[in-house]
Every structure is written in structure tokens, then in C-alpha cells.
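So the chains spell out like this:
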Amino acid sequence: MHSTETLRSHGTACPATSADGGCTDDQIAGDGYTCRFEQGARPESLILNMGPQHPSTHGVLRVLLELDGEYIVRAEPVLGYLHRMHEKMAEVKTPAQFMPNMGRVDYLHALAWNWAYVGAVEKLAGIEIPERAEYLRVITCELNRISSHLLWWGAYLLDLGAFTPIMYAFDDREMLLDLLQLMTGSRLTYSSFRFGGVYTDAGPAFVQGVRQFIPHLRSRLPMYTALVTENIILRRRIEEVGVIPQDMVTRYGASGPVARGSGIAYDVRRAEPYSVYDRFDYEIPVRHEECSMARYMVRMAEIEQSLRIIEQAIESLPEGEHMHPKAPKPSFKLPAGESYFAVEGARGKIGVWIASDGGKTPYRVKLRAPGFSNLALFAECARGTLLADAVAILGSLDMVIPEIDR
Amino acid sequence: MTPETASVTPDVLLAPLDPAYLAEENPARTGLRWSAFLSADVLPRAAALLLEAGWHLEDICGLDVREGLAAVYHFDRMTSPGRLAIRVLMDRAAPVLPSIADIHQGAEWHERETADFYGIVFTGNPNPAPLLLPEGMQGHPLLKDDAARAPLAALLAVPGREDTVLRKAEGFTLLDPAEDAKPAKPAKAKAAATEEGADNA
């Protein structure tokens, strides 16, 4: 094992040479990660560098693999290609200035990150939220969860070689983006939650649009099932592949559909109730097969449950303010203290911890990304599977790298 | 995890490790249910006891304060939720902690990230390479200047916290209210750094 000091001082130069069994003359020397990874390999193994440009790693994840034929002996994800140091930015910006960052951590479920941050600030500062704003948060956050799951669905099948489904998914997702644009002003990197409410009130166009969208998507879901879920090729690719036993979920702190696909009925909306979620009647979908298909089924069922929540919330949307009259000005100062606020994102438990000394900007902000813990278990989960399964497993974890790298 | 350990609260669970401080919190105020201060050497034993009782590691947060470097480990349970914050304080000159990655495997990445940001060395981490920052990068971006460091008590022991102290070792003064609980100097130093941006808010 290398000492931390050695690893941190040698830069990106390859420490291995042909003399000690590392990179040989006919190979291009890799960076420190490749060279250290190669040193642990058996002589007959093939080392494969997958990503960060591989299409199934979605542009920014790199995985080092040691292969015995087509079987994975060892895997090591290499992170950091999309690291932006959000936690440092949080320390030099006021809470209001930091809000746009929350649209860019997990761009597929940006409103969940909006919520985690405003929730932590509101808890620390004792800011109240009007009831109407709570409902609007629930509705937009659940719409955003569906758009995230739809994009995952299309992209996962694209990873597995099925091109057509993403066209259907994007067709429906487009309607969601139109609706969310009315409420947030943007189509992807939303930052529309405010301390004490939400930026825009829902007008008739939004309410009407949501009412029409619910039956529309419900009518499409059976087609999704017939077209894809029951497809024998898909099932052979992902059933019993990427098995994650419950103890692995605990040892890695995994959450979201990854935990629920392994039979753990853990959902922050129930476990650590926030906002008005306790007023709605919905289920937490759980599967017990522990494989990629189980996680697939959980996400598909969650689309239906989110529709149920949205339907109840839009029908019982209370009248009133969308911003609390006493909501603080953007220049407000956080009081001293700490607060941890967790929400259920499309990928699992999002946590924001703020520690403040009463200064103009937070003293420390920690962003707990669900994808970080979910991807951490990949190396153990992929051991002994086929190379082609690595793609099926990575996709089933629904990783969004900007969230993992932060 | 056995049914007996699933409902054991951390004050009972961690009692054999003699925590210097242990409090029951009001989750509505802080999002925590319990908080504790442990010494670095018992951290692996605490991690093992917690895993056995069904707790998972949520994250590891470094923290640079006047008293030294600190690490906050957040644990939670899926069966009966309630967050536990375990805090460990280190000497700034030798910020070393034992790794718990052999117990909670998910800790490996959290530790490497904390090493990147704060320069804390986790002895026994199976792969102590930089995780998010480039190899060979000098410096640790979340360390603070001397003038900007706040005392721990200014962050974690503020009035109105509504916690109930269950254990407090003799001589444990970390959370005693500091004389300058709201230090004017750090606030000013930070304000200067963000003046330009803050004015546009």
C-alpha cells in the first residue's frame, strides 16, 4: 500500500516502468490511477480503461477494470472529472447567492437539491413557509422526479442498445419541462425555491397543464410496459444481474431505488417526514429481487406513485401566498448553529448540513449526494460479472456524475 | 443486526466507549437525534458497534475550527430513523484518524474526499489516492485562514438548541460558550472575501 504522502506528491507521472511489471514500451503510460491499478493485477489479466468518454458512463465517469476473459476481476471507479467544489462556493456565497448552484449539482432532479438547501436554511433560521408554497414544492418536486425517472429510463435502454425508448421518454418528458418552465423559468437547472416559499405562483395554465398531464402519462405507462418492461431481451440483460444484498446497502449507505430494489422500504419522505407529504396517500414501491431489474421496477412504480401525489396535491392546492410575508430579504444573515436537512431525491437520500457562526456566509456546508454512496458499491457489486453486465449495473444505479463529483 | 440491537439507542450503544460528550437533540431544530464526541482511537469500535446495530454511514464532514481540525460522521438507521452525529477533534499539526473503511466500506470515498479537502490522513484506508481533486495538487481548499476560524462552541453550542446532555466527561469544555461566541473578526474577514458578490444580491 502506498502512503498518502507518496500518492499526493508524485503528480500524474506514472510511477511504474516496464522493469517492475507496470507499463511496457508498447503501451501508452496511464496516469497514477492506471499504474497503481495495474500493479495489483494478475499477469494474465487484461486492464481496461472504460471512460470517461465511454457513452454508457455518460461522459464523465471513468472505471478501471481488470478482466479475466470477459469477467470482471476488479473494478475501480475514478472520480473527479466533473468536480466543481460546490462546498467551497457555499462558504463564500450568501445562502441566496448559492441557490443557483443547487440547480447544478444533480441537474436531473434539481428541485430536490433546491429543497434540501432551502430546508436546511429554513430550519436553522426558523423561516416559515406558507401552505400553498409547500404544495407547490411537492407538485414541482414530484414532476421533476418523474422527468428524472423518464430520462433515466430512456438513457438506460440506450446504454443497453435499445435506441427507440428514449424517443418516447423524451416525448413525455418534454411536456413536463414545459410545465416546470412555467413555474421555474428554466427547463433543466431549476433554482426556483426561495427561503420562505417558491419563486412563482401557479397560474391557471400550470394547474390546467398538470391536470391534463396526469391522465396522459397514465395512458402511456402500459405502452412502456408492453414495449420495454416485458421485453425478453431486456429481461435477460438485467434480471439477476448486479445483485445488491441488504447488508451491502447498509455497509455503503446506499439509498433510494437502490435500497428499495433490495427490499428495504426506506424513503426519506416517510422516514424523516418533511413538508406536507404526510397528507397524501401513496405507496413506497419495494422489490425484493435485489437485481438491476428490481431497481428498474421500483423506478417505474415510483412514476405512478408520484402521479398519485401530484393528483392529490393539485386538487387540494390551498389558496394563499406563495411566499411568506415575513420571508427574509436575500441579504439576510444566517443565525449561528447547525442544521441537517434530508429529502428524498430521484436517486435517494440528499442531505445538506449547514454550520454557521452567524457570519454573512455559512461557515461550512456539506452536500450529501445519494449517487456518491450508490456508486461506491459498484466495485464490489461488479466483481465476477461480465463486462457487458458492468454497463447494465452502472445504468441500474442511475448515476448523475455532477452530483457524485459535486 | 439482531432484533435486540435494532432498537438500542446510541447512548447505550456507545456507553462502553466512554464518550466525552453525548447529547439527545431536538430533530426539529438541528435535524439530529443524538450527538457525541469520541476520541479518535475508539472510532473503529464505534463504527463496528453501529454497523452491527443496523446503522449506515451518511457522510463524513471535515470542519476547520479554532481548536483544531474536526470530522463529523453522520449515521442513520433505516429501520428506526434518527440521525447521530459523531464528532472527533484532531490536533492541527497531526490530523490523523483511523479509517473505518474496513467496517463501513462506503467510508472509503468519504475519507478520501475529506483527505482531499482538509488534509486529514485516514490510516488504513485501502486506496488513499485523491478522489475528487487532481493528483499532485498542493493545498486543501476547505482549510480556513487563522482569522476566519470560529470556535466549535460558536457553531455547535448556540442558545435555543434544546439538547439534553446525557454524558459529559470531567474537563470537557469544547462546547462551553466561548467568551466571544460571535467573533466579530471572522465575520468581517469572510464578509470582505464576498463583498463584491454580496452587494449584488
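Refer to the structure presented above.
Described below are features of the structure shown in this document. Along each chain, residues carry numbers from 1 onward, in the same order as the chain's sequence is written. The lettering of chains begins at A and the numbering of ligands begins at 1, in the order of writing. Given that this is a predicted model, residues contribute local features only at a pLDDT of at least 70 and side-chain atom pairs are listed and counted only at 80 or more, while totals for whole chains, interfaces and linings are drawn from all residues. Here the side-chain values reflect all heavy atoms present in the structure, with hydrogen atoms and water set aside.

A few words on the overall build of chain B. Per the convention used, a helix needs a DSSP run of H or I reaching at least four residues, while a strand needs a run of E reaching at least two, with both numbered from the N terminus. Helix and strand counts for chain B come out as 7 helices and 8 strands. Going through the 201 residues of chain B one by one, you find that 56% of them count as buried. Residues count as neighbours in contact if any of their non-hydrogen atoms are within 4.5 Å of one another. For chain B, long-range pairs separated by at least 24 residues make up 62% of all intrachain contacts whose partners lie at least 6 apart in sequence. In the structure as shown, chain B presents an accessible area of about 8100 Å², 53% of it carried by carbon and sulfur atoms. Throughout, exposure labels follow a simple rule: accessible area from a 1.4 Å probe, protein chains only, divided by the maximum for the residue type, with under 20% read as buried, over 50% as exposed, and the rest as partly exposed. Working definition of accessibility: Shrake-Rupley area with a 1.4 Å probe, residue cover restricted to the visible protein chains.

Attention now goes to unusual backbone geometry. With a phi angle near 60°, Glu240 of chain A is a residue other than glycine that sits in the positive phi range. Taking relative accessible area as the criterion, Glu240 of chain A reaches 70% and is therefore assigned exposed. For Asp18 of chain B, which is not a glycine, the phi torsion comes out positive at approximately 55°. In this structure, Asp18 of chain B sits in the loop between helix 2 (10-13) and strand 1 (21-24).

Looking now at the sheet that holds strand 4 (residues 68-77) of chain B. Residues and elements named next belong to chain B. Read across the sheet, 6 strands follow the order 3-4-5-2-1-8 without closing on themselves; strand pairing throughout is mixed. Single-partner strands in this sheet number two, and they are strand 3 (55-65) and strand 8 (164-168). Taken over all neighbouring pairs, the strand axes of this sheet differ in orientation by 15° on average, direction set aside. At least two DSSP bridges between two strands are required for those strands to pair. Relative to strand 8, strand 1 runs antiparallel, the two sharing 4 bridges. When the sheet's bridge partners are listed, Leu22 is paired in strand 8 with Arg167. Angular values range over 0 to 180 degrees, each being the angle between N-to-C directions of two axes fitted as lines to C-alpha atoms, with helices fitted over their stretch in contact. The strands touched by helix 4 (residues 43-52) within the sheet are strand 3, strand 4 and strand 5 (84-90), with strand 5 carrying the most contacts at an inclination of about 170°. This element, helix 5 (residues 107-118), spans strand 3 and strand 4 of the sheet and lies at about 10° to strand 3.

Residues and elements named next belong to chain B. Within the secondary structure, Pro44 is located in helix 4. We classify Pro44 as partly exposed; its relative accessible area is 23%. Here the alpha-carbon distance between Pro44 and Asp102, two residues 58 residues apart in the chain, equals 9.0 Å. If we ignore the near neighbours within four places in the chain, the residues touching Pro44 are Pro98, Ser99, Ile100 and Ile103.

With that settled, the discussion passes to the packing of aromatic side chains. Any aromatic ring pair is given by two values, namely how distant the centres are and how the planes are angled relative to each other. Each Phe, Tyr or Trp ring (for Trp, its six-membered ring) is paired with any other whose centre lies within 6.5 Å, and the angle between the two planes then decides the class: stacked below 30 degrees, edge-to-face above 60, tilted in between. Across all of its chains, the model carries 18 aromatic pairs over all chains by this definition. A ring pair is formed by Tyr274 of chain A and Tyr277 of chain A, whose centres lie 5.3 Å apart and whose planes are at 70°; its orientation type is edge-to-face. By relative accessible area, which is 1% here, Tyr277 of chain A ends up buried. On the numbers, 6.0 Å between centres and 75° between planes, the contact of Tyr21 of chain B with Phe37 of chain B is edge-to-face. Placement of the pair is Tyr21 of chain B in strand 1 and Phe37 of chain B in strand 2 (residues 34-37), with a sequence separation of 16 residues. Summarising the burial analysis for this pair, Tyr21 of chain B and Phe37 of chain B share the class buried. Taken together, the ring pairs connect Trp115, Phe193, Tyr274, Tyr277, Tyr282 and Phe341 of chain A into an aromatic cluster. The rule for a charge over a ring is simple: NZ of Lys or CZ of Arg within 6 Å of the ring centre, and within 35 degrees of the ring normal. A cation over a ring is seen here: Arg36 of chain A above Tyr33 of chain A, with NZ or CZ 5.1 Å from the ring centre. Lying over the aromatic face of Trp152 of chain A, Arg299 of chain A brings its terminal NZ or CZ to 4.5 Å of the ring centre.

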